[in-house]
Each structure stands twice: as structure tokens, then as C-alpha cells.
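Secondary and tertiary structure notes
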2 protein chains.
Amino acid sequence: MDRGAPRPSEDGLIARYFAPLAGPGADGMRDDAATLTPSPGCDLVVTADAIVAGVHYFPGDPPASIARKALGVNLSDIAAKGAVPRGFLLTLALPDDWTEEWLAAFTEGLGGASRAAGCPLLGGDTVRSAGPALIGVTAFGEVPTGGIVRRTGARVGHRLCVSGTVGDGALGLILRRDPAWAAALDDASRDHLADRYLHPRPRLSLAPLLRRHARASMDVSDGLAGDLAKMLGDGRSAVIDAGTVPLSAAARTALASDPSLIDPILTGGDDYEILCAVPPDALDALLADCAATGIPMTAIGTVTAGDHPPDFVLPDGTRRTFAAGSFSHF
Amino acid sequence: MDRGAPRPSEDGLIARYFAPLAGPGADGMRDDAATLTPSPGCDLVVTADAIVAGVHYFPGDPPASIARKALGVNLSDIAAKGAVPRGFLLTLALPDDWTEEWLAAFTEGLGGASRAAGCPLLGGDTVRSAGPALIGVTAFGEVPTGGIVRRTGARVGHRLCVSGTVGDGALGLILRRDPAWAAALDDASRDHLADRYLHPRPRLSLAPLLRRHARASMDVSDGLAGDLAKMLGDGRSAVIDAGTVPLSAAARTALASDPSLIDPILTGGDDYEILCAVPPDALDALLADCAATGIPMTAIGTVTAGDHPPDFVLPDGTRRTFAAGSFSHF
């Protein structure tokens, strides 16, 4: 068993690249653990998601973008639970051909994303991956005691809403795999889709509105159809008016040129928008609060009784289901 | 980019293998995040360590042992900080050839270690590793507010103590690599060393005694010499009486047959014992409390002034230093 080639020591890397990102409780990264205590009257919310080179991102992506994605996909879960970020731990498994240049750019991007979200680094671990890079993040947030917005709370009759636009991440991935795709798109549209795939924007400002209005919430990371199915089950299904699912101008242009793109739009991953369920009498207040906060939010359907997968009613009246619709990063 | 072969869905795996391990706050693993709140008057202590197949363990090790190691190395950090375990998150990156049989045995071992430590599973992530397996754990503990025992608190004149015995993990690794090694050892000794390498035993019962008596503490995971150097620095060094470093009967036998084994004993990893610094007037109370609790604890040296690596004074009077002595898993 090869225990690692000669390299800068882990402690040297920590002092140079990670200690500058350290938050309170991390003791300047000179310890093997950090303290973290929720504010009085609050619960901590904890979540962990990892991204792997060649699985969740392209190994040649800019290191700063990879860092931003690794933290962003976790902050998206924090936001979906109605929580405010408090800090994160990083597990960085590096391939044998890593360079200090890569690490410097990665930690610079990580620091930027961390500062933007008010979410400092609290600690972590750096190991040799003996394969592709893996970046694991554990993110911490806090909510008023008992205030976490669960994935399970949707009830028959609740209205279903989604933030932002759906499908851009999936189309951005198609574009990334085949840059010649969708020649009909103008440069601005292509840039928009590529950016949506590369740079999740966690909906942190939505968190307090979810706590106020939503009974269930999750982020759309594995595709709208599949994530909706995860939210429901146990006798609950949904009818979605597919014509109301919010699309960006770029996605509308692409869909007009190729109607079959409705499938990746509704089932592809990497949107990092918020899907939530609200009682009918809370819908107007949610939409008004979102409008006042500048967060796009759209009602797209209703929770119904049943054990079948959610029905998507297309503009021509046909119904589609996506039985195994969830996009899987696994 | 291959997004994964057909397999049981991640949700199916979670329900079958991980939900039975879920603790309070995890909502039965039906959400993307958990809540965790320290007891009144306590801080949370958070730590993350990952182990990688072929780097930190042998891919052919029993899955239950791998699980026990992944959790144990983290609980060892929790114990070293004086904390009581509260829960953990698991990031499991599986190679393409994983089997459900492996996962069943892994989660069974994980559940046993989790129950034994009173440390339930709170959530996590399962991804395709596109390389060897990686098991990342984030462990949570709690200490009375402000009570964390830091790595940095050793002062000149403090006595240095270590729990249990040192070097068994390193000798167990040598034995694992070369089963014909140390033919002089009897079977019980060989079993002892192999077990110490395979199965860390986090010193959880030591945590309250560290809070009471120690000013600095860390677990010995990367070798006594290197970890001691990490604890010191900033004008602090140490003199260690190598003859007092506690060795198991197996390690003493091996060392008698080959005196050069003092090097892996003092610099090899995987001991998961506790190294701590106590003021001289607290030493007797620490040793008495440890004896009363049934925890072996031995004074091995003293913190001195200086910027050189710690001196190990061998029984023949010669002095050794281990400048880059820290065993690196990286």
C-alpha cells in the first residue's frame, strides 16, 4: 500500500491555503476539530454532499468554479431547509497529479464563495484520492428551534412552486458535452446555459420566506420530475402544468427548435432551484414576498392523492410521467 | 462524462441500509439535511476525516472493519477534544465494482460502531467514486461551553502523557504487508498487532478526564513523533524519555528481536491513542483518575523551550529526533 509520494506536508498546505479561510471556532486550523454553537433559540442544520471529477463536474473545469460548485450544492440544501449558513468542513481527496497552482485557484474560489455566503471554513481533511478528485463538503446552517422546512411536509391540495428557471443546468451540460449543439442559440444564451451548469447559485435569500410560508421544501438538484417524486410518495402525487414550468429565454429558444428537449429540461440535474409546497391560502403571500425580495417564484401544480408518479400536463393536453425520472449522480 | 450505470437508486439504498441507523433529527433519512442542537450549556465539536481504499486501508479488509475504522478515526478526534459523541454524517464514494453484499456488511459494521459509541447516523451522501472507495465521516460531539481541549495549549514545563500503548498500529501494518514478518512473535501477539491496525478504539471514556486535567490534547493518528511536533512549535519543544513510552507485550517482543523497529513504533500511524499535556501539579490527579477509570495513561516527557523537533532520549542515552517524523496519509 503506497502511503503517498513526497509532497508539501498536509500541515503546510493547511497553513498556506486553508487557514486564511478559517472562521471562529476553527482555532486557525491548528486543531483537528472546531467548535460550532447555534445562536440562542436556534437548531443547527447539517448536510453533506460530495462532487467527483468526471461524475459531477469536468476535470478541466476552472478550479475556482469547481470550488464554488462544491460549496454551492451544499448551501442550496441549507437554503432549502430555511436555514442561514454558519460554516462548513471540507474533505479534499486529490489525485496524484494535483498541482499547487490548481489548489491555489481552488482555494481562492472557495474563499470567494465562502465570504459571499457568510459561511467560513471550520476544518476538514486532505487525503490522496488514488483516483479522480473528490470534494466533500459538510455545511452547517441554523434555523429558529423547530423551524427546519422538511422535504416530507407536502399535503394533498398544497400548491407546488419552483424558484428561478428549470432545465438550464441540464441544457448547459448538453452544451458542455457538445459545443456545436443548438447552433440556433445566440452567444448570450449559450453563455447563460453554460454558466448555469457550472455555477450553482444557492437561493439563500429565500430561506426566511420558506420558513414563513412553505410546509415542504427541497432543492432541485437531480431534476424537477425526480425530485418532485422524492418529495411526494406515501399516497401523494401531483399534477404539474408543464406550460407553467418557468424556463429561461435560452431554454425557450432551444425548446422551440427541438421539442424533445422537454425531457432533459424536466428530468436533468444541476438546477439548484427550490421546489416547495404551500397551503393554497399561503400561495399569494409567498409569491408577494418573493416578488418583494426579487426572487422569481412560480406556481406549477398541485399535490394530489395517489401513488403514481407526478403527471406533467403538456401544453397540447397530453400527460407525461417520468417513472424513473430522477437524474442520478450515483 | 458517464453519469453512472444502472444500479439500485440512491434512495433505495438509503431506505434499506442507512435509514435503520438514523438518529433523532435525521427524519428517517427522508430529507437532505438533519437538525442537531447541542445540549443547553454545551458547544458542538465538529471534525471530518476520510479514509481511502489502498491509502488508509486495504481494499480487501472486512467491510465491517472498514466501517469501524472510518467512524473510529473521527470519534478518536472527538474524544481527544474532551467531547461526547452526538452523531455523524457519512459520505460514501463507491467504486464501480461495489456489491450490495459489501454494502450490507459495511452498514452492519457501521451500525454496531455507531450504537457502541452512542453516535447515530444523521445523513450523508452516496456517490460514484470513479476510482477506489472513499469513506468520509463528519463527526459531532459536545463539550460544556468553552470546554474544548485544544491541540495548541501545551506550555513549557507541562508533562506529556499518552494513553494505551504506542506503535502497535504501525507494527500491525508491517505485519499486514508481510505476514511472514517477525516469526518470533506468537500467534496472540500477531493477532493483537493486526487487530490494533484494523480496529481503532477511540478513547471516549477519557474525554471528561482530559477536560478536567489537560491543557492540550490530540489523538495519535500519524505517529507519536510527528503528532507531538504538531502539538508543539511556536518556541515549544519536548524531551521524551523513550524508555517510558508504553509498549504492548507484542511490541516489546518485536523490538527485542529487531531494535530498528523503534523507528516505526515512534513514527508510524494508526495508534489512535491520546497525547495530552498537563501542568506538573495536575499529573498525579490525571494518572489517578485514569487508573480509577481503567484507562492506561503514562507520563513520557516534558514540554521544553526551543524550536527544534522533540528529542527522544533512548535507554542507552542517545538522543533521536524525527525531523519529518509525521506519518502522512496524504
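Residues numbered from 1 in each chain as written. Chains lettered and ligands numbered in written order. Predicted model: local features only at pLDDT ≥ 70, side-chain atom pairs only at ≥ 80, totals over all residues. Heavy atoms only, no water.

The name an unreviewed UniProt entry gives chain A is Thiamine-monophosphate kinase, with Methylobacterium aerolatum as the organism. In its Pathway (unreviewed entry) section, the UniProt entry covering chain A states "Cofactor biosynthesis; thiamine diphosphate biosynthesis; thiamine diphosphate from thiamine phosphate: step 1/1." Turning to chain A, the UniProt record has this under Catalytic activity (unreviewed entry): "thiamine phosphate + ATP = thiamine diphosphate + ADP". (UniProt positions renumbered as here; feature names shortened; annotations may be inferred.)

So, the pairing of strand β3 (residues 84-94) of chain A
Residue and element names in this part refer to chain A. Counting buried positions over the eleven residues of β3 gives nine, a clear majority of the element. Pairing between β3 and strand β5 (residues 134-144): nine bridges, direction antiparallel. Considered in β5, the bridge of A93 is made with L134. Note: β3 against strand β4 (residues 121-128), seven bridges, orientation parallel. Bridging across to β4, F88 finds its partner in L121. (Buried < 20%, exposed > 50% of the residue type's maximum accessible area, 1.4 Å probe, protein only. Helix = DSSP H or I, 4+ residues; strand = E, 2+ residues; numbered from the N terminus. Pairing = 2+ DSSP bridges.)

Here we look at helix α8 (residues 249-257) of chain A
Residue and element names in this part refer to chain A. Residues of α8 that are buried include every one of A250, A251, A254 and L255, and no others. Taken around the axis of α8, the buried residues stretch over an arc of 130°, which confines them to a single face. The inward-facing, buried residues of α8 abut α4 (168-177), α5 (187-198) and α9 (262-267). (Arc of directions from axis to C-beta. Contact = heavy atoms within 4.5 Å.)

A closer look at the relation of the copies chain B and chain A
Least-squares fitting of chain B to chain A yields an RMSD of 0.0 Å, with the superposition described by an axial translation of 0.0 Å and a rotation of 180°. When the rotation and shift are considered jointly, the pair of chain copies conforms to a two-fold rotation axis. Judged by C-alpha distance, B:G131 is the residue of chain B that lies nearest the rotation axis, at 2.3 Å. Of the interface residues in chain B, 100% have counterparts in chain A that sit at the interface too, so the contact is made through matching surfaces. (Least-squares fit on C-alpha atoms with pLDDT ≥ 70 in both.)

Some remarks on the side chain of B:H199
Residues and elements named next belong to chain B. The topology assignment puts H199 in the loop between α5 (187-198) and α6 (207-213). Separated by 2.7 Å, the side chains of H199 and S65 make a polar contact. For H199, the side chain forms a polar contact with the side chain of D195, separated by 2.8 Å. Those residues in contact with H199, other than ones at most four positions away along the chain, are S65 and R68. (Polar contact = N/O pair within 3.5 Å; in protein donor to acceptor, adjacent residues only side chain to side chain.)

Examining the state of the cysteines
All names here are of chain A. According to the stated counting rule, one finds zero disulfides over all chains in the structure shown. In this structure C276 is not part of a disulfide, and its nearest cysteine sulfur, from C161, lies 5.0 Å away. Owing to a relative accessible area of 0%, C276 belongs among the buried residues under this scheme. (Disulfide = S-S within 2.5 Å.)

A short note on the pattern of salt bridges
Inspection of every chain in the model, using the stated rule, returns 36 salt bridges over all chains. B:R196 is the partner of B:E273 in a salt bridge, and the nearest nitrogen-oxygen pair spans 3.2 Å. Residue B:E273 is located in strand β9 (residues 273-278), and its partner B:R196 is located in helix α5; the two are separated by 77 residues in the primary sequence. In this structure B:E273 comes out as buried when scored by relative accessible area, which is 3%. Overall, the relative accessible area of 11% leaves B:R196 in the buried class. A salt bridge links B:R212 to B:D289; its shortest N-O distance comes to 2.9 Å. On the criterion of sequence distance, the pair formed by B:R212 in helix α6 and B:D289 in helix α10 (residues 283-293) is long-range, its members being 77 residues apart. Since its relative accessible area comes to 22%, B:D289 is described here as partly exposed. Here the salt bridges share partners, and the residues they tie into one network are A:D27, A:R30, A:D31, B:K81 and B:R150. (Salt bridge = Lys/Arg side-chain N within 4 Å of Asp/Glu carboxyl O.)

A look at the packing of aromatic side chains
Residues and elements named next belong to chain B. Under the criterion given, the structure shown has seven aromatic pairs over all chains. Relative to Y197, the ring of F58 has its centre 6.2 Å away and its plane inclined at 75°; by these criteria the two rings are edge-to-face. Of this pair, F58 sits in the loop between β2 (42-52) and α2 (63-80) while Y197 sits in helix α5, placing them 139 residues apart in sequence. When the ring of F312 is compared with that of F322, the centres are 5.4 Å apart and the planes differ by 80°; the resulting orientation is edge-to-face. One end of the pair, F312, is in strand β11 (residues 311-313); the other, F322, is in the segment after β12 (319-320), with ten residues separating them in the sequence. Taking relative accessible area as the criterion, F312 reaches 1% and is therefore assigned buried. On the accessibility criterion, F322 (10% relative accessible area) is buried. (Phe/Tyr/Trp six-rings, centres within 6.5 Å; stacked < 30°, edge-to-face > 60°.)

Some thoughts on the domain arrangement of chain A
Residues and elements named next belong to chain A. Partitioning chain A into domains gives domain 1 (10-144) and domain 2 (159-320). Each of domain 1 and domain 2 has a C-alpha centre, and these two points are 27 Å apart. For the domain 1 face of the interface with domain 2, the top three residues by lost area are F58, R68 and K69, together amounting to 30%. Along the contact surface separating domain 1 from domain 2 lie one salt bridge. D61 is paired through a salt bridge with R176; the nearest N and O atoms lie 2.1 Å apart. (Domains from an automatic or database assignment. Buried area = accessible area lost by both parts, 1.4 Å probe.)

Brief notes about the interface of chain B and chain A
In this assembly, 69 residues from chain B lie in contact with 70 residues from chain A. Interface of chain B and chain A: buried area, both sides summed, is about 5,900 Å²; carbon and sulfur atoms make up 54% of it. There are eight salt bridges connecting chain B and chain A. Put simply, A:R150 and B:D31 hold a salt bridge, and the shortest N to O gap is 3.2 Å.

A closer look at the environment of A:G124
Along the polypeptide, A:G124 turns up in strand β4. Taking the relative accessible area as the measure of exposure, A:G124 reaches 39% and is therefore partly exposed. A:G124 sits 91 residues away from A:R215 along the chain, and the two C-alpha atoms are 33 Å apart. Other than its neighbours up to four places away in sequence, A:G124 contacts A:L89, A:L90 and B:A48.

Re the pairing of strand β4 (residues 121-128) of chain B
Within β4(B), seven of the eight residues are buried, leaving the element largely enclosed by the surrounding structure. Read as a crossover between parallel neighbours, the route from strand β3 (residues 84-94) of chain B over helix α3 (residues 100-117) of chain B to β4(B) is right-handed. (Right-handed = clockwise from strand over helix to strand, strands pointing away.)

Quick word on the UniProt feature "binding site: Mg(2+) 5" (unreviewed entry) in chain A
Residue and element names in this part refer to chain A. Those places that UniProt annotates as "binding site: Mg(2+) 5" (unreviewed entry) correspond, in this numbering, to D222. Along the chain, D222 turns up in the loop between β7 (216-220) and α7 (224-231). Its relative accessible area of 10% is what places D222 among the buried residues.

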